[in-house]
Amino acid sequence: MLSRDLLRERPDEVKARLAGRGVDLELVDRWTTLDAERRSILVEAEALKQQRNEASKRIGEKKRTGADATEEIAAVGALKERIERHDARLGEIDASLQELELKLPNLPDDDVPAGVDESSNRVERVVGTPRAFEFEPRTHWDLGTALGILDFERAAKLAGARFAVYRGAAARLERALAAFMLDLHTVEHGYTELIPPYLTNEASLLASGQLPKFESDLFRLADSPYWLVPTSEVPLVNMHRGEILDETALPLRYTAFTPCFRSEAGSYGRDVRGLIRLHQFQKVELVQITTQETSEAALEEITRHAATVLERLELPYRVVTLSRGDTGFHSAKTHDLEVWLPSQSAYREISSCSNCRDFQARRGDVRYRPAGGGKPKLAHTLNGSGLAVGRTLVAVLENYQQADGSVVVPGPLRPYMGGLERIGPG
RNA sequence: GGAGGGGUGGCUGAGUGGUCUAAGGCAGCGGUCUUGAAAACCGCCGGCCCCGUAAGGGGCUCGUGGGUUCGACUCCCACCCCCUCCGCCA
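A brief look at the structure comes next. What you see is a predicted model; the values in this text were computed from it and never measured.

So, how was this worked out
Residues numbered from 1 in each chain as written. Chains lettered and ligands numbered in written order. Predicted model: local features only at pLDDT ≥ 70, side-chain atom pairs only at ≥ 80, totals over all residues. Heavy atoms only, no water. Axes fitted to C-alpha atoms, helices over the stretch in contact; angles between N-to-C directions. Helix = DSSP H or I, 4+ residues; strand = E, 2+ residues; numbered from the N terminus. Parallel < 35°, antiparallel > 145°, perpendicular 65-115°, else oblique. Left-handed = near helix turned anticlockwise from the far one by under 90°. Contact = heavy atoms within 4.5 Å. Nonpolar A, V, L, I, M, F, W, Y, C, P; charged D, E, K, R; others polar. Buried < 20%, exposed > 50% of the residue type's maximum accessible area, 1.4 Å probe, protein only. Arc of directions from axis to C-beta. Near = heavy atom within 4 Å. Polar contact = N/O pair within 3.5 Å; in protein donor to acceptor, adjacent residues only side chain to side chain. Pairing = 2+ DSSP bridges. Phe/Tyr/Trp six-rings, centres within 6.5 Å; stacked < 30°, edge-to-face > 60°. Salt bridge = Lys/Arg side-chain N within 4 Å of Asp/Glu carboxyl O.

### As for the packing of helix 7 (residues 169–188) against helix 12 (residues 389–399)
(1) Moving on: Their axes nearest at 10 Å, the elements helix 7 and helix 12 cross at an angle of 115 degrees. With respect to their mutual orientation, helix 7 and helix 12 come out roughly perpendicular. Handedness of the helix 7/helix 12 crossing: right-handed. Residues Ala170, Leu173, Glu174, Leu177, Ala178 and Met181 of helix 7 pack against Val389, Gly390, Thr392, Leu393, Val396 and Leu397 of helix 12.
(2) Moving on: Grouping the constituent residues of the contact of helix 7 with helix 12 by class yields nine nonpolar, two polar and one charged.

Quick look at the structure:
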């Protein structure tokens, strides 16, 4: 959500900054109209309530002293109806205002590139050099199927399209990658590891921004108030929903390795083969809750934390800053990490690191008491994949493949693989 | 799934229709005292919204949402959450 003060005082600036983000700017004008009505009615309602409260106090005094209060009670009865009318209208207006507010995306930072899609993303840096292959590199699904470690046909039997069965070395590699990432982030980067619920409620999804606009991207459990988490960002940023934290406790750094479930509605025809786009995948997530002053630096930090995984694994990647149009609904600024995939001769997203500033904190009422005292301030929240484990497995298979179809295990993962140096057939 | 108990401010905890403008305690902040600290004493001390340049004023807030009433922390209804016991279960 955006600040009401900002919407009220500088609606034109809001509209200018929202342009190109795929929002109907009419929403802002409707908000302005309703807000004006709300305030005029609120002022009247509160004056009426003041009258009622004073009258009730007088009645109470009379009753206590044994005097007759019938006249006073009759007089205050007229107020009651007017107050009810005002409150009813206020209720309607508040609901409409909130509905509008929940649909407005975050404002992009000033240094976010203009543009409506990924073609305007800005490449910040390119790290590592794609390996020169002396043979035609195979896709990970070819490799994995031939090695007998990925089974898409049986996954289709068990569930359907966009699922995979990991078998043997692939399953262990996934587990090794997750353990490697978690160790890095907890031991070296100072994150606290959590195992959150994989089901979540509507209030949490509303606060982190998946609802109400992106319901169709989610899986919802029938006859239940629960949804499957599309990312552990949801539980992690909701950890302190409705709380007032001490500034001295910030930044909070949380990491979690969880499954993620996405309906992928509307992605028909994209990445239909392999592990890139599944209904269920696993991810190590990084979340930080910071002060307002430190979130910009925290975005760079979280991006570096995620990138360290790729560097340790010696996977070539690049960092891009998403354009306005490509930046997600709740983000003010997003850095994507894109890993090199030899079979596609392209960099593909493997991590997305976002500074949501106070957007989620306002929705979820996450605040902190400034160290010097004073009013609570909205926290800033950041999230990043550190990394998408399934896609990292893809990158390892493809970048470390050998001419004979085997795959060399990157050094840092070998301790997690029982010393295994190479994944071969059988 | 069945039965019972309970949700009050950062924490604890009183309160069963009218100074609740929520007692008391703890924690926190300021002060007195002290070489300093502790103790003691005094004062301050929730959040949100609205009007106002400000000083200040008003409204809302005792799990959430409805209801009864001139008036609800208090009574009624629904829901959520927590605890105990039984059942089931990893």
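### Some points on helix 5 (residues 140–147)
(1) Moving on: Three or more residues of helix 5 are buried, namely His140, Trp141, Leu143, Gly144 and Leu147. Projected onto a plane normal to the axis of helix 5, the buried residues spread over an arc of 160 degrees and lie on a single side.
(2) Moving on: Where helix 5 is buried, its residues touch strand 2 (150–151), helix 6 (152–158), helix 12, strand 16 (407–408) and strand 17 (422–423).
(3) Moving on: At the C-terminal side of helix 5, Gly148 shows a positive phi close to 75 degrees.

### A word on unusual backbone geometry
(1) Moving on: Geometrically, the link from Leu211 to Pro212 is a cis peptide bond, its omega value of 5 degrees lying close to zero.
(2) Moving on: Following the sequence through the fold, Pro212 ends up in the loop between helix 8 (202–208) and strand 6 (227–228).
(3) Moving on: The omega torsion of the bond from Gly386 to Leu387 falls at 10 degrees, within 30 degrees of zero and hence cis.
(4) Moving on: Mapped onto the secondary structure, Leu387 falls in strand 15 (residues 380–388).
(5) Moving on: At Asp271, a residue that is not glycine, the phi angle is positive and equals roughly 50 degrees.
(6) Moving on: Within the fold, Asp271 resides in the loop between strand 8 (252–261) and strand 9 (280–290).
(7) Moving on: Even without glycine at this site, Arg357 takes up a positive phi of about 50 degrees.
(8) Moving on: Relative to the elements of secondary structure, Arg357 occurs in the loop between strand 12 (346–355) and helix 11 (359–364).

### Details of the environment of Gly22
(1) Moving on: Structurally, Gly22 is set in the loop between helix 2 (11–18) and helix 3 (26–65).
(2) Moving on: Placed 368 residues apart in sequence, Gly22 and Gly390 show a C-alpha to C-alpha distance of 30 Å.

### Remarks on the protein's contact with RNA strand B
(1) Moving on: With respect to spatial proximity, 22 residues lie near RNA strand B, and among them Arg39, Glu46, Val76, Arg367 and Arg369 are the closest.
(2) Moving on: Restricting attention to atoms of RNA strand B within 4 Å of the protein, one finds that 70% of them are sugar or phosphate atoms.
(3) Moving on: The side chain of Glu46 places a nitrogen or oxygen atom 2.8 Å from a base nitrogen of RNA strand B.
(4) Moving on: One of the backbone nitrogen or oxygen atoms of Ser56 is found 3.1 Å away from a base nitrogen of RNA strand B.
(5) Moving on: Secondary-structure elements contributing two or more residues to the surface near RNA strand B are helix 3, helix 4 (70–103) and strand 13 (367–369).
(6) Moving on: Take the surface near RNA strand B: its biggest share by element is 14 residues, from helix 3.
(7) Moving on: Among the residues forming the surface near RNA strand B, the class breakdown is six nonpolar, four polar and twelve charged.

### Let's talk about the sheet that holds strand 9
(1) Moving on: Reading across the sheet, the eight strands line up as 1-10-11-12-15-9-8-4 and stay open at both edges, with mixed pairing between neighbours. Each of the sheet's edge strands pairs with one partner strand only, and the pair in question is strand 1 (122–127) and strand 4 (192–194). Neighbour to neighbour, the strand axes of the sheet diverge by 25 degrees on average, direction disregarded.
(2) Moving on: Note: strand 12 against strand 15, three bridges, orientation antiparallel. Within strand 15, the position partnered with Asn355 by the bridge is Leu382.
(3) Moving on: Across the sheet, helix 10 (residues 295–312) is in contact with strand 1, strand 8, strand 9, strand 10 (317–321), strand 11 (333–341), strand 12 and strand 15; its angle to strand 15 comes to roughly 10 degrees.

### Considering the packing of aromatic side chains
(1) Moving on: Tallied over the entire structure, the rule returns five aromatic pairs.
(2) Moving on: The interplanar angle of 80 degrees and the centroid separation of 5.6 Å between the aromatic rings of Phe329 and Phe359 together place this pair among those described as edge-to-face. Highlighted residues: Phe329 in the loop between strand 10 and strand 11 and Phe359 in helix 11, separated in sequence by 30 residues.
(3) Moving on: Residues Trp340 and Tyr347 carry aromatic rings whose centres are separated by 5.0 Å and whose planes lie at 70 degrees to one another, so their mutual orientation is edge-to-face. Like Tyr347, Trp340 is buried.
(4) Moving on: Ring pairs connect the aromatic residues Phe214, Phe329 and Phe359, which therefore count as one cluster.

### Remarks on the environment of Ala159
(1) Moving on: Tracing the backbone through its elements, the reader meets Ala159 in the loop between helix 6 and strand 3 (165–166).
(2) Moving on: Note on Ala159: relative accessible area 51%, which makes it exposed.
(3) Moving on: Residues Ala159 and Gln344, 185 residues apart in the sequence, show an inter-C-alpha distance of 27 Å.

### Observations concerning the sheet that holds strand 7 (residues 244–246)
(1) Moving on: Reading across the sheet, the three strands line up as 7-13-14 and stay open at both edges, with mixed pairing between neighbours. Of all strands in the sheet, those with a lone pairing partner are strand 7 and strand 14 (377–378), marking the two edges.
(2) Moving on: As paired elements, strand 7 and strand 13 share three bridges and run parallel to each other. In the sheet register, Asp246 faces strand 13, and the bridge partner there is Arg369.

### Details of the pattern of salt bridges
(1) Moving on: For the structure on display, the rule yields 30 salt bridges.
(2) Moving on: The partner of Glu215 in a salt bridge is Arg220, with the nearest N and O atoms 3.8 Å apart.
(3) Moving on: The class of Arg220 is partly exposed, set by a relative accessible area of 47%.
(4) Moving on: Between Arg277 and Glu264 there is a salt bridge, with the nearest N and O atoms lying 3.4 Å from each other. Linking Arg277 in the loop between strand 8 and strand 9 with Glu264 in the loop between strand 8 and strand 9, this pair joins segments that are 13 residues apart in sequence. For the pair Arg277 and Glu264, one class covers both residues: buried.
(5) Moving on: Among the ionic contacts, a cluster of salt bridges with common partners joins Asp5, Arg8, Asp35 and Arg39.

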